Amino acid sequence: MPTLFLHPLQIGNVRLDNNLALAPLAGTSNLAFRPICRRFGAGLTVSELVSARGVCYDPEFRRNWRYLVFDPTERPIAIQLFGSEPKDFANAIRRILEHPLLGQCSMIDLNMGCPVNKIVKAGEGAALMRTPDRAARIIEASVKAADGFNKPVTVKLRKGWDDSHVNAVSFARLAESAGAAALTVHGRTRSQFYGGRADWSVIGEVKAAVSVPVYGNGDIDSPSAARQMIREAGVDGLMLGRAARGNPWIFSWLTNALTVEEPKSDIVPELTPDDKIPVILEHLDALIDLRGELTAIREMRKQLIFYLSGTPHGAEIKRRAMTANSRSEILAVLEDWRIKCKKHCEHS
Ligand SMILES: Cc1cc2nc3c(=O)[nH]c(=O)nc-3n(C[C@H](O)[C@H](O)[C@H](O)COP(=O)(O)O)c2cc1C
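Here the structure is a predicted model, which is why all the values come from computation and not from measurement. (Residues numbered from 1 in each chain as written. Predicted model: local features only at pLDDT ≥ 70, side-chain atom pairs only at ≥ 80, totals over all residues. Heavy atoms only, no water.)

**Some points on the nonpolar core**
Selection rule: What we call a nonpolar core is a set of buried Ala, Val, Leu, Ile, Met, Phe, Trp, Tyr and Cys residues that are connected through their side-chain atoms within 4.5 Å. Whether a residue is buried, partly exposed or exposed follows from its accessible area with a 1.4 Å probe, protein chains only, as a fraction of its type maximum: under 20%, in between, or over 50%, in that order. What counts as a domain boundary in this text is fixed by an automatic or database domain assignment.
Counting 99 residues, the largest nonpolar core has Leu 183, Leu 238 and Phe 251 as its most contacted members. Residue assignment places this core across two domains, with domain 1 (9-257) and domain 2 (273-347) each supplying three or more. One finds Val 14, Leu 16, Ala 182 and Tyr 215 within the second-largest nonpolar core, a separate group that totals 14 residues.

**Here we look at the packing of aromatic side chains**
How we decide: Between 30 and 60 degrees the pair is tilted, below 30 it is stacked and above 60 it is edge-to-face, where a pair is any two Phe, Tyr or Trp rings, Trp via its six-membered ring, whose centres lie within 6.5 Å. To qualify as a helix, a DSSP run of H or I must reach at least 4 residues; to qualify as a strand, a run of E must reach at least 2; elements of each kind are numbered from the N terminus.
Overall, the coordinates contain 3 aromatic pairs when judged by the stated rule. An angle of 50° between the planes, with centres 5.6 Å apart, marks the rings of Phe 40 and Trp 249 as tilted. In this pair, Phe 40 sits in helix H1 (residues 34-40) while Trp 249 sits in the loop between strand S10 (237-240) and helix H10 (250-257), placing the two residues 209 residues apart along the sequence. Each ring, one from Trp 249 and one from Tyr 307, has its centre 6.3 Å from the other, and the planes form 85°; the classification is edge-to-face. Residue Trp 249 is found in the loop between S10 and H10, and its partner Tyr 307 is found in helix H12 (residues 293-308); the two are separated by 58 residues along the sequence.

**Re the site of the ligand**
Operational definition: For this purpose, a residue is taken to be near a molecule or strand whenever a single non-hydrogen atom of the residue falls within 4 Å of it. Counted as a polar contact is a pair of N or O atoms within 3.5 Å, where, for protein atoms, one must be capable of donating a hydrogen and the other of accepting one, and residues adjacent in sequence contribute only when both atoms are in side chains. In short, Shrake-Rupley with a 1.4 Å probe defines the accessible areas, and a residue's cover is counted only from the protein chains shown. Think of it as three bins: nonpolar holds Ala, Val, Leu, Ile, Met, Phe, Trp, Tyr, Cys and Pro, charged holds Asp, Glu, Lys and Arg, and polar takes everything else, Gly as well.
Within the structure, the ligand sits among 17 residues, and Pro 24, Gln 80, Asn 217, Asp 219 and Arg 242 are positioned closest to it. In the model, an oxygen atom of the ligand is placed 3.3 Å from a nitrogen or oxygen of the Asn 111 side chain. For the ligand, a nitrogen atom lies 3.4 Å from a polar atom in the side chain of Tyr 194. When the free accessible area of the ligand is taken as 610 Å², the share hidden by the protein chains comes to 90%. Split by residue class, the shell around the ligand holds 7 nonpolar, 6 polar and 4 charged.

This is a description of form; function is not addressed.
Next up, the structure:
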């Protein structure tokens, strides 16, 4: 059993500094947020899901640029594609990897776990777990396309479709045979969406069944959960989704906790507005660069819910932030939060 849980990871020809990853998160894992997670310790980040067919019909990357764009300094980064047609994946991958900037991504990840109705009705995302032959053809076509550019292809899958159709192990074996260089397993079925508990035992079964690196995913929300996932499932890497929203610091907590043999407790440092505000503003300013102020403010309101959750005066500040319409209004609300928290500390 490993005692030191943080270690470098090799995916195909890509060497990752460590085995912690930020999960693909539509609406969150963009150019504004990923570099922050990377700085706090994520060894790999993944873009939001992007339609393979959409890329094929977007020759100048006009519609998809904001999902695909990254800064070369935030590498290693995976670009995630979804779709249902092998040729769409092959074309999209070629187009992405031929591009001077996008071609510098570290790897391509294939989405075989998205549960959203619109996606699965089109035979995409988690629906591919019900059509393993098609999934294998997609992986083969993607690997062939990416191979010409020396880029590994990885696959993100779920436990199965529903409790009566749990096929993560056979699906993972098939993905490995089709050429996937690493796998991420989210321990929920499609029917669960994001509810209930993730099943870590099935993740362990996948790990035991394949020889490529396996990231465990689902409900890793603390250093102790991270250690438990590695102990129970024996996974090579940990991928965090929801717990990182509004909390990129979790990567530094995990980095510390996973490098000591037996941490005494799971106590994580309490973050004050002085810690959080500079990071929130960095996130906001990067969003403004990416999307323009108006749209960035709307998107940032959702992120502020996560940043402010569970903090003193958080509920009131969140309410006020929801009506802020500019960067300066958000700044004023946050400064007020700082003052209120200082007073709160003085009186307690
Ligand atoms: C708002 C939201 C957006 C997501 N977007 C994606 C996505 O674009 N691609 C993907 O493969 N998974 C996506 N997921 C799933 C996460 O990557 C992850 O598998 C899931 O949240 C379970 O991990 P967690 O318990 O650490 O959050 C999304 C999840 C949420 C909640």
